[in-house]
Amino acid sequence: MNVIDARQLVKRYGANAALDGFDLQVPPGRIVGLIGPNGSGKTTALKAVLGLTTLDSGELVINGLTPWTHRAQLMAEVAYIPDTGILPRWMRVSDLVDYVAGVHTRFDRARAEAMLARTDINASRPVRVLSKGMQVQLHLALILAINARLLVLDEPTLGLDVLFREQFYDTLLNDYFEGERSILITTHEVREIEHVLTDVVFMARGKSRLAASIDEIREQYTKLTLTTGNTPLEGFIGRRQTLAGVECIYRNVPRDVLARAGAVSVPDLVELFVAIMEAPHA
Amino acid sequence: MHNFITLVNREWQEHRNTFLFPPAIILALIVIAVLLGVTLGEKVKLQFELDSKRDISPSSFQQLDNRPAAGLYRVAAREDGYSQPRTMHVAQYNTASTLSELADADVGKLPRILDELTFPFFLVLILVSLSAAISVTYDERKDRSLLFWKSMPVDDTETILSKFVFVSWVAPLATVAAVVVARLLLVGVASVYSTELDLGEVWGNAQVWSGFFGVITGFLTLGLWIAPIYAWLMLVGAVVPKSPTLIALLSPLVVMWLEWLFFDSRHLFSFVVSHIAPKTLYSGSAGFTGQLDLLLSANFAIGLAVAALLLAMTVYARRRFNEI
């Protein structure tokens, strides 16, 4: 059974459709990057997954539960870190740990305290005096101590320096990701998470434009950097001029055929994203 | 149940200063007033030989009005039926009021004076609680912590009920404690300075224990009586994007005005005014029977039904509306 099973989700705000037939399937044990430009519907999709918003139509099941009608039960198995600090600023760190321990049956207090002990966070201080990096560390310690089956991250490292960002994803992989657990991440920093993803979903105008595993992408998509003087082969889904020359992205075209026109390689996610977003019918 | 206690405790942690400081300040003022009266203030001995009430002249009150506001006054009052004057001490911040009470030559008025002492505590409590009723649902939206609370496995009904219970019955506990301390303090001082009444008579006259009972049941009753007002404020806090206090106050006024304009009636006005609680509940002087009468009235039942409806709407709003 998929952890997330979303089919033909539609959510409209007046005349604008934030979700317009959006599909998403996440099996257990996957790390899925939900990538899209601003206004593509990522946040609405995440809110729907978390039971924070209603849908106009479509079917959405998370861990066998409908998020909107079973949010409280769902949150026992789903953890969430959003783009900006949402921890109550007036609360002391120790009170926050007490609170989560008080309401969450799957929270491992000892684990959270052990993780906090590895940081410079003083448990007797209120959240408001912590730096942004420390607040993220605190939130991460709380969330990773929850035995959740799905972790939803919405631009979790926004505003953090490069060291914290690196540390964040290391902690995520080392301390959370195992077995049947899944992670759904949205971010603009695609290169930063590329190495941790198992799957990717490109989203635009409320629709999924690409849903594939990283292995499938490596297998199906090819970047051709044209040798000077050559013209690109027909059938590319994206083309752009770079300092290295003209680069074209192809799907399901044999690499040995493309190699006759230039250097072939696997496109990174940013190159693929740009190509697919700019392609009218990718 | 453990969940619920955690939720109520969370509210207490967030709002404890709001509910601790006002009663602490009032209590401190009373303590200072009493200490000044006992140590520095002029100890005024006023002997009113009350052979008849006619003997109390307006000039007597004038004389007292010129005394320091806070002080300890010895008043001798002879009641009908007593051959000797009975003397007792009363510390009161309102001299004229105290004397006017005692001018009735009734030492049994002490409980009433103590009840009046309760009034400023409960008045401030109500004002603070009304403000808190808005902030328990509004502040979490404003600082976006709502998303954190909603990321926990707690449903909105339980959360809203915990907020209501906190505002109605948990937050006032600090005030109740302060009232009890203030009452004990004043009766204690009266005991120490009484020369002609023994300890038992002073404490008996003060009706200390029944007074405490009245205060405690009074604040429990108050929480239910004022429930529709709290529920309304919580609903506004859960819905509006800004200026919740203004909207919470103005929107009923507009409806009241429309009701008066089109129907020439004042039902909403009467309902709101009556549910800002009668003074008897503020002071605890209604007594258990008086409080029971209130709880058995039709107005109470209507208030409770309105509160339940508004709380249900607040739960719905909390589900619907996220951060601002």
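Now for a description of the structure that goes with this document.

## A few points about the overall build of chain A
The secondary structure content of chain A amounts to ten helices and 13 strands. Taking 19 Å as the expected radius of gyration for a compact globule of 282 residues, we find that chain A reaches 21 Å, a close match to that expectation. Dimensions along the principal axes, computed over C-alpha positions, put chain A at roughly 65 × 40 × 35 Å. Sorting the 282 residues of chain A into buried and exposed places 42% on the buried side. For chain A, contacts bridging at least 24 residues in sequence account for 68% of all contacts bridging at least 6.

## Re the interface of chain B and chain A
Tallying the contact residues gives 18 residues for chain B and 21 residues for chain A. Among the elements of the structure, helix 1 (2-40) and helix 5 (145-150) of chain B are those that each provide at least two residues to the side of chain B that touches chain A. With six residues, helix 1 of chain B is the largest single contributor of residues to the side of chain B that touches chain A.

## A short note on the sheet that holds strand 12 (residues 245-251) of chain A
All names here are of chain A. Spatial strand order, 11-12-10-13: four strands in an open sheet with antiparallel pairing. In the strand order of this sheet, the two ends are held by strand 11 (238-242) and strand 13 (262-265), each with one partner. Neighbour to neighbour, the strand axes of the sheet diverge by 25° on average, direction disregarded. Sheet analysis places strand 10 (residues 221-226) next to strand 12, joined by five bridges and oriented antiparallel. Counterpart to T222 in the pairing with strand 12 is Y250. With respect to the sheet, helix 10 (residues 269-278) is in contact with strand 10, strand 11 and strand 12, its orientation differing from that of strand 11 by roughly 125°.

The rules behind these values
Residues numbered from 1 in each chain as written. Chains lettered and ligands numbered in written order. Predicted model: local features only at pLDDT ≥ 70, side-chain atom pairs only at ≥ 80, totals over all residues. Helix = DSSP H or I, 4+ residues; strand = E, 2+ residues; numbered from the N terminus. Rg over C-alpha atoms; globule rule 2.2 N^0.38 Å. Buried ≥ 20, exposed ≤ 12 C-beta atoms within 10 Å, placed from the backbone. Contact = placed C-beta atoms within 7 Å. Pairing = 2+ DSSP bridges. Axes fitted to C-alpha atoms, helices over the stretch in contact; angles between N-to-C directions.

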